[in-house]
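Structural features, examined
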Amino acid sequence: MLAEMDGFDTTEGVIIIAATNRPDVLDSALLRPGRFDRQIFIDLPDLVGREQILRVHSRKLAIAEDVDLSVVARGTPGLSGAELANLLNESALLAARRNKKRVDMHDIEDAREKVQFGRERRRIMDDEDKKIVAYHEAGHALVGAVVDDGDLPVHKVTIIPRGRSLGSTMYIPKKDIYNYAKRRMLARLATLYGGRISEEVVLGDITSGASSDILQATKLARSMVCDWGMSPLGPIAYGENHDTVFLGREITRSENFSEETARMIDIEIHKLVEEQYNRAKSIIIDKRAALDQIAAALLQYETIEGRHVLEILEFGEIRSPVLPPIITNKTGDSPEKKPAEKTAPEGLSGDAPAPAPSPA
Ligand code: ZN
């Protein structure tokens, strides 16, 4: 490649551009002045970028008048250009399946959930399992709504299985979030434990359903202590976190601290987790009536929206209409129920990825 590049004269007006996903392992010979001398980092698109990308890809689609692409952009933080194109493609397929002439907001919202959180998997769950999932998700939603400072409201709670999860609590950030304050991290920890605690308090037993919550919470607490200096151990990086070096590589931590420090790190992580676990637990116990109502609403409707959770908290009942599940015959063999949807942005789902939104 270098030999080829040597053939060009700098006065010829030829620009050579190359792309890589692994800038960390490039041979430095490639990066010397006169060769590839400029590096441009292309990050995932931001809010404005996503809206523009959606505009480009929606040109060839018949879009209904109710579609507001800025709302769609707001609900899709972290999606790449290709994923946004895929989202519109999926919504066109959904609209066609529903015999619509135009893609409307409902189709886009359903497609967004499918792209971000996985396809709905209708499975036969018995009443006992449904009740466990309903209380688990109600726990996330209740704690999430109580600890929310207004930036990351609960968007939707559902007990419809999706991807690998049995239910999800989804959150949509009001804006793209670039910095995560400690206060929000703590809220996130509490919310993650809401599901498990609800099972424990209500059902008197715990299930394996909280494994991904526990994994996320543990990672988050460890990063708070080791990477972000958010514990009494101070603003020191304990071990190098190679999490971001390359997608797909296991997180490795090269240990540059003593065994004594390792013990203190463990203690601080436990403290963070315990405090937020207890915070979530007292919310669940204090607001047990609301928890019961959210769980009952989930068992009745399967999916409710964030505002319904807030109404239960404020008025003790759901006041705005919950759209009943509509029946769409997807494959012809098994009628599938789908909850009707309204427009709203979403980014995070309950058991969502830590700083990023995700399904619980
Ligand atoms: Zn959960």
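Residues numbered from 1 in each chain as written. Predicted model: local features only at pLDDT ≥ 70, side-chain atom pairs only at ≥ 80, totals over all residues. Heavy atoms only, no water.

Taken as a whole and assessed by the stated rule, the structure comprises 16 salt bridges. Lys114 is paired through a salt bridge with Glu90; the nearest N and O atoms lie 2.8 Å apart. Of this pair, Lys114 sits in helix H5 (residues 105-117) while Glu90 sits in helix H4 (residues 81-97), and the two are 24 residues apart along the sequence. On the accessibility criterion, Glu90 (17% relative accessible area) is buried. (Salt bridge = Lys/Arg side-chain N within 4 Å of Asp/Glu carboxyl O. Helix = DSSP H or I, 4+ residues; strand = E, 2+ residues; numbered from the N terminus. Buried < 20%, exposed > 50% of the residue type's maximum accessible area, 1.4 Å probe, protein only.)

Moving on to the packing of helix H7 (residues 182-203) against helix H9 (residues 259-286). Look at H7 against H9: their axes get within 7 Å of each other, and the N-to-C directions meet at 55 degrees. Considered as vectors, H7 and H9 are oriented oblique to each other. Considering only the axes of H7 and H9, their crossing is right-handed. The segment H7 lies against H9, with Leu186, Ala187, Leu189, Ala190, Tyr193, Gly194, Arg196, Ile197, Ser198, Glu200 and Val201 engaging Leu272, Val273, Gln276, Tyr277, Arg279, Ala280, Lys281, Ile284 and Ile285. Residues belonging to the contact of H7 with H9 are distributed by class as follows: 13 nonpolar, three polar and four charged. (Axes fitted to C-alpha atoms, helices over the stretch in contact; angles between N-to-C directions. Parallel < 35°, antiparallel > 145°, perpendicular 65-115°, else oblique. Left-handed = near helix turned anticlockwise from the far one by under 90°. Contact = heavy atoms within 4.5 Å. Nonpolar A, V, L, I, M, F, W, Y, C, P; charged D, E, K, R; others polar.)

A word on a negative patch on the surface. A contiguous patch of negative charge, built from Asp126, Asp127, Glu128 and Asp129, is present on the exposed surface. Inspection of the secondary structure puts Asp126 in the loop between H5 and helix H6 (127-147). Here Asp126 falls in the partly exposed class, since its relative accessible area comes to 46%. (Patch = residues over 30% accessible without salt bridge, like charges linked within 9 Å, V, L, I, M, F, W, Y side chains within 5 Å. Areas by Shrake-Rupley, 256 points an atom, 1.4 Å probe, with all protein chains shown as cover. Lys, Arg positive; Asp, Glu negative; His and termini not counted. Charge placed at Lys NZ, Arg CZ, Asp CG, Glu CD.)

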